[in-house]
Amino acid sequence: MESVEKTAAPVSIYLDVDGVVNPFSPVGTTDWGGEWTTADAGILEVAFAPELVAGLNDLARHPAARFVWLTTWERLAPEFLCPAIGLQGEDWPVLSSQGWDQGPEWWKLVALQKDLAATGSRRIVWLDDQLSRESDARSWAEYQQDRVLCISPDPRKGLSPSHLAAVREYLG
């Protein structure tokens, strides 16, 4: 008898840059145990933890992961940031604020909801340092219950090993 392999529906992982991958004014050592590395991303200098970049690259290879850029960097993230820090996200979709930044709603929530409607992702991970300060986004995520994993890192530290472990566990 043949075994049938079930294909898991992709989990969309929405990734911000500043305060998440590139912390604001980082000091001391990273939560990963090393020193901050800086790189010229063409438009500005960025700080990052190489171990975080390696962890994101590893997560991106997970068969259930669908990474999506959701950042004010927009197309500059895959064009400039990725080559500068070694993040293999050049081919990830990029959500834009264009047309969504005129109303009172947070453009990232509107763009994410539009992407969900278009792609049909049933589960998502949202990685953004602003999430803890955006009440509409928090309310929407709470309503979704276990369909959404929100991680809002300290913007001076960015994503930590425990954050990536939570994402890995959520992916299954």
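Residues numbered from 1 in each chain as written. Predicted model: local features only at pLDDT ≥ 70, side-chain atom pairs only at ≥ 80, totals over all residues. Heavy atoms only, no water.

What follows is about a nonpolar patch on the surface. Judged by side-chain polarity, I43, L44 and L76 come together as a nonpolar surface patch covering roughly 220 Å² of accessible area. Along the chain, I43 falls in the loop between β2 (37-40) and β3 (45-48). The exposure class of I43 is partly exposed, given its relative accessible area of 43%. (Patch = residues over 30% accessible without salt bridge, like charges linked within 9 Å, V, L, I, M, F, W, Y side chains within 5 Å. Areas by Shrake-Rupley, 256 points an atom, 1.4 Å probe, with all protein chains shown as cover. Salt bridge = Lys/Arg side-chain N within 4 Å of Asp/Glu carboxyl O. Helix = DSSP H or I, 4+ residues; strand = E, 2+ residues; numbered from the N terminus. Buried < 20%, exposed > 50% of the residue type's maximum accessible area, 1.4 Å probe, protein only.)

So, about the pairing of β3. Across four bridges, the pairing between β2 and β3 is antiparallel. Paired with A39 across the bridge in β3 is V46. Two successive antiparallel strands, β2 and β3, enclose a turn made up of four residues, where G42 displays a positive phi of approximately 85°. (Pairing = 2+ DSSP bridges.)

Our next topic: helix α2 (residues 76-85). Every buried residue of α2 is listed here: A77, P78, L81, C82 and I85. In a view along the axis of α2, the buried residues occupy a sector of 110°, so they form one face of it. In this structure, the buried side of α2 is in contact with β2, β3, α1 (50-60) and β4 (65-69). Looking one or two residues beyond α2, the residue adopting positive phi is G86, at roughly 85°. (Arc of directions from axis to C-beta. Contact = heavy atoms within 4.5 Å.)

Mapped onto the fold, L70 is located in the loop between β4 and α2. Measuring from C-alpha to C-alpha, the distance between L70 and D154 comes to 18 Å, with 84 residues separating the pair along the chain. Ignoring any residue separated from it by four or fewer positions in sequence, one finds L70 in contact with Y14, L15, D16, L95, W107, K108, A111, L112, W126 and D128.

Below, the discussion takes up the nonpolar core. Burial of nonpolar side chains together is a common tendency in soluble globular proteins. Ranked by internal contacts, the top residues of the largest apolar core, which has 37 residues, are L15, L56, W69, I85, L127, L159 and V167. For this core, the elements supplying multiple residues, two or more each, are β1 (11-15), β3, α1, β4, α2, β5 (123-127), β6 (148-151) and α5 (161-171). When sequence neighbours within four positions are dropped, the list of residues in contact with V167 reads I13, L59, V125, L127, L149 and I151. Judged by nonpolar contacts, the second largest core, of 17 residues, contains Y14, W106, L112 and W140. (Core = buried A, V, L, I, M, F, W, Y, C linked by side-chain atoms within 4.5 Å.)

Let us look at the sheet that holds β4. Ordered in space as β4-β1-β5-β6, the four strands form an open sheet in which the pairing is parallel. Edge positions in the open sheet fall to β4 and β6, since each of these has one partner strand only. Neighbour-to-neighbour, the strand axes of the sheet open up by a mean angle of 15°, direction not taken into account. In this fold helix α3 (residues 107-119) packs onto β1, β4 and β5, with an angle of close to 155° to the strand it touches most, β5. Running at roughly 145° to β6, helix α4 (residues 135-144) makes contact with β5 and β6 of the sheet. (Axes fitted to C-alpha atoms, helices over the stretch in contact; angles between N-to-C directions.)

Considering the arrangement of structural elements, one finds Q130 in the loop between β5 and α4. Between the C-alpha atom of Q130 and that of K114, which follows or precedes it by 16 residues, the distance is 19 Å. Setting aside residues up to four positions removed in sequence, Q130 forms contacts with W106, K108 and S152.

The next point concerns the pattern of salt bridges. In total, this model carries seven salt bridges according to the counting rule given. One salt bridge in this structure joins D58 and R61, with 3.8 Å as the shortest N-O distance. Look at D58 and you get partly exposed, because its relative accessible area is 37%. The class of R61 is exposed, set by a relative accessible area of 54%. Among the ionic pairs, D128 bridges to K108, the shortest N-O distance being 2.7 Å. Within this pair, whereas D128 is found in the loop between β5 and α4, its partner K108 is found in helix α3, the two being separated by 20 residues in sequence. Summarising the burial analysis for this pair, D128 and K108 share the class buried.

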